[in-house]
Amino acid sequence: METFLQDVKYALRGLRNSPGFTLMAVWALALGIGANSAVFSVVNGVLLRPLPFHQPEQLVRLYGNLAGWDLKDITSSVPEYQAYRQQLRAFSSVGAYVQGDMTLTGRDAPQRLTVTKATASFAPTLGLTPSMGRWFTDAEETPGKDRVVVLTQGAWRAYFAQSRDVLGRSLQLDGEAYTVVGVLPAGGLYPEDIDLYLPLAPPAEHFTENYRGARYLSVLGRLKPGMTEEAALRDMAQVAARESEAHPQHYKDAGWSLSLKTLEERTVGSVRGTLWMLLGAVGFVLLVACSSVANLLLARAVARGREVAIRAALGASRKRLVAQFLTESLMLSVAGGLLGVLLAAWGLEALLALVGDGLPRATEVQLDTSSLLFTGGVSLLTGLLFGLVPALRSSRADLASTMNQGARGTVDGGTSRLRGGFVVAQVALALVLLVGAALFGRSFLALRRVDPGFAADGVLAGWVSLPQAGYGEKARQADFQRALLERVQALPDVEAVGLTNLLPLSGQRDNTFDIEGRTLDPSARLPAVQYRAVTAGYFQALRVKLHQGRMLRDTDDAGSPWALVINQRFADLYWPRGDAMGQRLKMHTKDAQWATVVGIVEDLREANLSEPARPTAYWSLAQLPALHMGMVVRPRHGAPESVRASLESMLREVDREVPLFGVAPLSQRVDDALGSRRMSALLMGLFAGVSLLLAALGIAGVIAYSVAQRTRELGIRMALGADRSDVLRLVLGQGMRLAVVGVGAGLVLSVGLALGLEQVWGPMLYEVTAKDPWTFIGVAGLLGGVALVATWVPAMKATRVDPIVALRAE
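A brief look at the structure comes next. (Residues numbered from 1 in each chain as written. Predicted model: local features only at pLDDT ≥ 70, side-chain atom pairs only at ≥ 80, totals over all residues. Heavy atoms only, no water.)

**Some words on the overall build of the protein chain**
Looking only at helices and strands, the protein chain has 25 helices and 23 strands in total. Counting the 810 residues in the protein chain, one finds 52% classified as buried. Contacts in the protein chain between residues far apart in sequence, at least 24 positions, make up 82% of those at least 6 positions apart. Surface accessibility of the protein chain: about 35,800 Å² in total, with carbon and sulfur atoms responsible for 57%. (Helix = DSSP H or I, 4+ residues; strand = E, 2+ residues; numbered from the N terminus. Buried < 20%, exposed > 50% of the residue type's maximum accessible area, 1.4 Å probe, protein only. Contact = heavy atoms within 4.5 Å. Areas by Shrake-Rupley, 256 points an atom, 1.4 Å probe, with all protein chains shown as cover.)

What follows is the structure, encoded as structure tokens:
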């Protein structure tokens, strides 16, 4: 221990006496370690930490599939859910839920709350146990007996100030009184970001056969202990077969089947590949930083050659010298790790802000004990990784040879080759990261250039939701819509306003339908279409182009024949001869009537910007009213937010108990839809930029060191007649040889990774492939140019060597 403490003191004294070297090394390591710590914290919180439920590996989501209609992973109807509960044998419990919103009334201003209506079996399936009170009972799954509510910790804190006598108190939701019967503990919510849980109490008619196709329930299941997914799928296949046979009118020729996904896959599957990719990329940054510091240590070791040789001559063993050098390396890595933790804490906040709401389990991401242990382990490993080779190399010093080399001014060839090797590694790793950054950057820019078919700039979007109490009848819903639109449209600063059942980029709703006079062969059935219910001003507010016919009108109301507008893809798919106008359709939904196609509009990418527009039909919202509506408003002048106060005022005039919520510029929704891709592009670009800088500094450092060591040689060359251009070519050639070897190695490594990860990267890229040759060529050229610039400065210094001064110094 005494020897170790002596080594620590000696290392600290040596690092203090070389502030420039120490600062460069510590910052290089801090960047690599800090970036790794921040990204690992995200990976740990999202992917590695188990879901906060009892035995989460047993939890799965159940889905239906209609192969005949190309519908996959769809939700379930009430009769289908009942069949699961009664017939599935592979599950210990099955629960259902549906997400929604309700308005908290009876306070100063109405507030919109996110609620989940769930069955009595939902909490036992998840393993949720209220910290106060109880969960719902089976009896409360009945209309009229369902006026009870279970609070989350957030709702308990916000609306009852965490009062211990909250049980039995009431909340006014959508104008109805609900009694608080329980409070859930912190964490462990599913779905995330929930305020309240209410009993799921479908009307009696939803249990009938007429509602077997009304699929709005999400279903959770808990596998029995020891039950495998394969065995569960066999059980589900038997249930699907029995249901198809028992209800042929619903499933005949539809290809009905059941499938499942683990709850973990359902929750984090969409970001798994991206996060692992970023962790791998940031690992490359750390390797580049290690190579950079190893180069600095080698240069420092050469400068300390005489000191080491004298210590060896005085009896210091090689083992003792290696221990001393490794202690110095570990001191650097510990300092880099401590600074890296500070950078990680800042970077983690910036990373979460960059991702926004697009990261599942974001509330569980933190710089916790696991992250600190990871950082500590990385710091120690890094110290050994970049310190071992320089330590072994430097500890072989011999007094006589070192003194002779110093007298002659020659270069240690072994050290030069090692330093060159580290530079080659830096360049190769930097090229890999640059290729990744270029691919994801090009993909992101391509998505940014996508024309969604609607003009989002200048539009304000928000949600309006009517309470069931008072607006249960379709006529009342239509009256509200009409009154709101009339008031908002009358505002002098509003150019256009429209309502829709679903705002752009907020999801999709598919439905099947019939075409009048057409009987489709089941084997030739086409996919179900996406449907929207909109008002006349919706297309005007979004500046959608009309291709044929007319847009929907305010007169397309409940008293008029039903009309609909379809997009061009719908028309091309079902009427390729161009005779869509005047055709009649009927959706497979309650209260739907035959509707006539009155217009064809351009294709809108309302579900996903990265996929082509889907066949879409637009019904009149006045003929198909809804409780939950999105509103889009285009002001005549100014920013979209300029009309927000006016909209809220108009809404209060119509009904002061109905809130306007989720308000934001529509362009922000477009940006949010690109959130994960923006994160990938920016972080990959940041990592690549840091690596490129370190590689450039490495090349410049090696060449500068070489020039300093070869001063006498260069002086002799110039004394014998070499001009400055000859010296410039000599030095540039040395640097560019390192760069070319590094670029070649990096291209081989990049191509290998592209081939190996094509299946993983493919879904993350848009309009560019992982093997895109122009990306590899462009990145290689960029890195070559940076290497040339990095070599130019020391090369120009070499041309200014005075032969007389150089020879006199020797």
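Next comes the rest of the account.
**What to know about the packing of helix 22 (residues 724–756) against helix 24 (residues 773–799)**
Interaxial distance between helix 22 and helix 24 falls to 8 Å at its minimum, and their mutual angle equals 155°. Taken together, the axes of helix 22 and helix 24 lie roughly antiparallel to each other. In this structure, helix 22 crosses over helix 24, and the sense of that crossing is right-handed. (Axes fitted to C-alpha atoms, helices over the stretch in contact; angles between N-to-C directions. Parallel < 35°, antiparallel > 145°, perpendicular 65-115°, else oblique. Left-handed = near helix turned anticlockwise from the far one by under 90°.)

**Structural notes on unusual backbone geometry**
The omega torsion of the bond from Y190 to P191 falls at -10°, within 30 degrees of zero and hence cis. With respect to the helices and strands, the residue P191 is situated in the loop between strand 8 (176–183) and strand 9 (196–199). The backbone phi angle of Q55 is positive, close to 45°, even though this residue is not glycine. Considering the arrangement of structural elements, one finds Q55 in the loop between helix 2 (19–48) and strand 1 (59–66). Exposure remark for Q55: the relative accessible area of 34% places this residue in the partly exposed category. Unusually for a residue other than glycine, R361 sits at a positive phi of about 60°. Its location among the elements puts R361 in the loop between helix 10 (318–355) and helix 11 (369–394). What makes R361 buried here is its relative accessible area of 2%.

**Thoughts on the packing of aromatic side chains**
Using the criterion set out here, one finds 16 aromatic pairs in the structure. Between F40 and F374, the ring centres sit 4.0 Å apart and the planes meet at 10°, which makes this aromatic pair stacked. Placement of the pair is F40 in helix 2 and F374 in helix 11, with a sequence separation of 334 residues. Residue classification places F374 among the partly exposed residues on the basis of a relative accessible area of 25%. Ring centres 5.3 Å apart and planes at 65° place the aromatic pair F513 and Y574 in the edge-to-face group. Within this pair, whereas F513 is found in strand 15 (residues 513–515), its partner Y574 is found in helix 17 (residues 568–574), the two being separated by 61 residues in sequence. For the pair F513 and Y574, one class covers both residues: buried. One aromatic cluster is present, built from ring pairs that chain together Y97, F122, W135, F136, Y190 and Y197. Stacked on the ring of Y471, the Lys or Arg R476 has its end atom at 4.6 Å from the ring centre. (Phe/Tyr/Trp six-rings, centres within 6.5 Å; stacked < 30°, edge-to-face > 60°. Lys NZ or Arg CZ within 6 Å of the ring centre and 35° of its normal.)

**Some points on the nonpolar core**
A general feature of soluble globular proteins is that nonpolar side chains tend to end up buried together. Core analysis: the largest hydrophobic core is formed by 93 residues, its most contacted members being V46, L275, L332 and F687. Top element by residues in this core is helix 8 (residues 263–303). It accounts for 19 residues. Apart from the residues lying within four places of it in its own chain, the contact partners of V46 are V268, V271, L275, L359, P360, R361 and V365. By size, the runner-up hydrophobic cluster in this structure holds 35 residues, among which are A446, L503, F539 and V544. (Core = buried A, V, L, I, M, F, W, Y, C linked by side-chain atoms within 4.5 Å.)

**Things to note about the environment of D591**
Residue position: D591 is located in the loop between strand 19 (584–587) and strand 20 (595–601). A residue is classified by how much of its surface remains accessible, and D591, at 47% relative accessible area, is partly exposed. Between the C-alpha atoms of D591 and Q623, which are 32 residues apart in sequence, the distance is 9.7 Å. Here D591 is in contact with K474 and W562, once residues within four sequence places are set aside.

**Quick notes on the pattern of salt bridges**
Taken as a whole and assessed by the stated rule, the structure comprises 23 salt bridges. Here E140 ties to R134 by a salt bridge, and the two come within 2.7 Å at their closest N and O atoms. Assessed through its relative accessible area of 33%, R134 is described here as partly exposed. Overlapping salt bridges bring together D146, R147 and E176 as one network. (Salt bridge = Lys/Arg side-chain N within 4 Å of Asp/Glu carboxyl O.)

**Let's talk about a nonpolar patch on the surface**
A cluster of nonpolar side chains, namely L23, W27 and L31, defines an oily patch on the protein surface of about 290 Å² accessible area. By the element assignment, L23 lies in helix 2. (Patch = residues over 30% accessible without salt bridge, like charges linked within 9 Å, V, L, I, M, F, W, Y side chains within 5 Å.)

**Digging into the environment of D554**
Relative to the assigned elements, D554 resides in the loop between strand 17 (546–549) and strand 18 (563–567). Residues D554 and A622, spaced 68 residues apart in sequence, show a C-alpha to C-alpha distance of 8.0 Å.

**Let's talk about the environment of N608**
Topologically, N608 is positioned in the loop between strand 20 and strand 21 (616–620). In the structure, N608 is positioned 62 residues away from V670 in sequence and 9.6 Å away in space, judged by C-alpha atoms. A polar atom in the side chain of N608 sits 2.7 Å from the side chain of S610. (Polar contact = N/O pair within 3.5 Å; in protein donor to acceptor, adjacent residues only side chain to side chain.)

**Considerations on the pairing of strand 8**
Here two bridges tie strand 5 (residues 132–133) to strand 8, and the two strands are oriented antiparallel to one another. Along strand 8, the bridge assignment pairs G133 with G182. Where strand 6 (residues 148–151) lies against strand 8, four bridges are found, and the strand directions are parallel. Along strand 8, the bridge assignment pairs V149 with V180. Here four bridges tie strand 7 (residues 170–173) to strand 8, and the two strands are oriented antiparallel to one another. Within strand 8, the position partnered with S170 by the bridge is T179. Between the end of strand 7 and the start of strand 8, which pair antiparallel, lie two residues, with D174 showing a positive phi angle near 50°. (Pairing = 2+ DSSP bridges.)

**Details of the side chain of S379**
With respect to the secondary-structure elements, S379 resides in helix 11. For S379, a relative accessible area of 6% corresponds to the buried category.

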